[in-house]
Amino acid sequence: MNSQTARSLLLEDANDLINGDRQAEYGTPQENFGRIADRWTQYLGVTIEPYDVAIMMMDLKLARLCNDVKRDSLVDIAGYAALAAELKERPE
């Protein structure tokens, strides 16, 4: 019998997302979030770092949760939090 809790399953799903096909499709978090940061920097006229992208993506998901709580938003927040930790630790 599988005794995994909802929290463990959510974290496993987030882990699968950030370490699975998405990296093959979009590049490493440093590369992908770096490209996003460059575009947002150009658009906003203020410097955005890859770490900031992860934080702002979590904020987007939090805003969506105000309307309706969906598990996939919670999974994404966990994934973005893990990526933010990695980007803060190893920005390049």
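Everything below is about the structure printed above this text.
Enquirer: Help me understand the overall build of the chain in this model?
Expert: Helices and strands together make up the secondary structure of the chain, namely five helices and zero strands. Counted from the first residue to the last, the chain has its helices and strands arranged as α-α-α-α-α. Projected onto the principal axes, the alpha-carbon positions of the chain cover approximately 50 × 30 × 25 Å. The burial tally for the chain puts 29% of its 92 residues in the buried class. When contacts within the chain are restricted to residue pairs at least 6 apart in sequence, long-range pairs at least 24 apart make up 52% of them. As displayed, the chain has an accessible area near 6700 Å², and 52% of this comes from carbon and sulfur atoms. Each charge class in the chain was averaged separately, 10 positive and 16 negative side chains, and the resulting centres sit 4 Å apart.

Enquirer: Teacher, can you tell me more about the packing of helix H4 (residues 50-65) against helix H5 (residues 71-89) here?
Expert: Each pair of packed helices can be described by the angle between their axes along with the distance between the axes. The interhelical angle for the contact between H4 and H5, taken along N-to-C directions, is 165°, at an axis separation of 8 Å. Here H4 lies roughly antiparallel to H5, going by the angle between them. Crossing of H4 over H5 shows left-handed handedness. Two secondary-structure elements touch here, H4 through Pro 50, Tyr 51, Ala 54, Ile 55, Met 57, Met 58, Lys 61, Leu 62, Arg 64 and Leu 65 and H5 through Ser 73, Leu 74, Asp 76, Ile 77, Tyr 80, Ala 81, Ala 84, Leu 87 and Lys 88. Split by residue class, the contact of H4 with H5 holds 14 nonpolar, one polar and four charged.

Enquirer: What's the story with the nonpolar core in this structure? I'm lost.
Expert: As a rule of thumb, soluble globular proteins bury nonpolar side chains together. In terms of nonpolar packing, the biggest core is built from 13 residues, with Phe 33, Val 53, Ala 54, Met 58 and Tyr 80 touching the most fellow members. Counting residues per element, the ones that place at least two in this core are helix H3 (29-44), H4 and H5. With sequence-adjacent residues up to four places away left out, Met 58 is seen in contact with Ile 77, Tyr 80, Ala 81 and Ala 84.

Definitions and cut-offs
- Residues numbered from 1 in each chain as written.
- Predicted model: local features only at pLDDT ≥ 70, side-chain atom pairs only at ≥ 80, totals over all residues.
- Heavy atoms only, no water.
- Helix = DSSP H or I, 4+ residues; strand = E, 2+ residues; numbered from the N terminus.
- Buried < 20%, exposed > 50% of the residue type's maximum accessible area, 1.4 Å probe, protein only.
- Contact = heavy atoms within 4.5 Å.
- Areas by Shrake-Rupley, 256 points an atom, 1.4 Å probe, with all protein chains shown as cover.
- Lys, Arg positive; Asp, Glu negative; His and termini not counted.
- Charge placed at Lys NZ, Arg CZ, Asp CG, Glu CD.
- Axes fitted to C-alpha atoms, helices over the stretch in contact; angles between N-to-C directions.
- Parallel < 35°, antiparallel > 145°, perpendicular 65-115°, else oblique.
- Left-handed = near helix turned anticlockwise from the far one by under 90°.
- Nonpolar A, V, L, I, M, F, W, Y, C, P; charged D, E, K, R; others polar.
- Core = buried A, V, L, I, M, F, W, Y, C linked by side-chain atoms within 4.5 Å.

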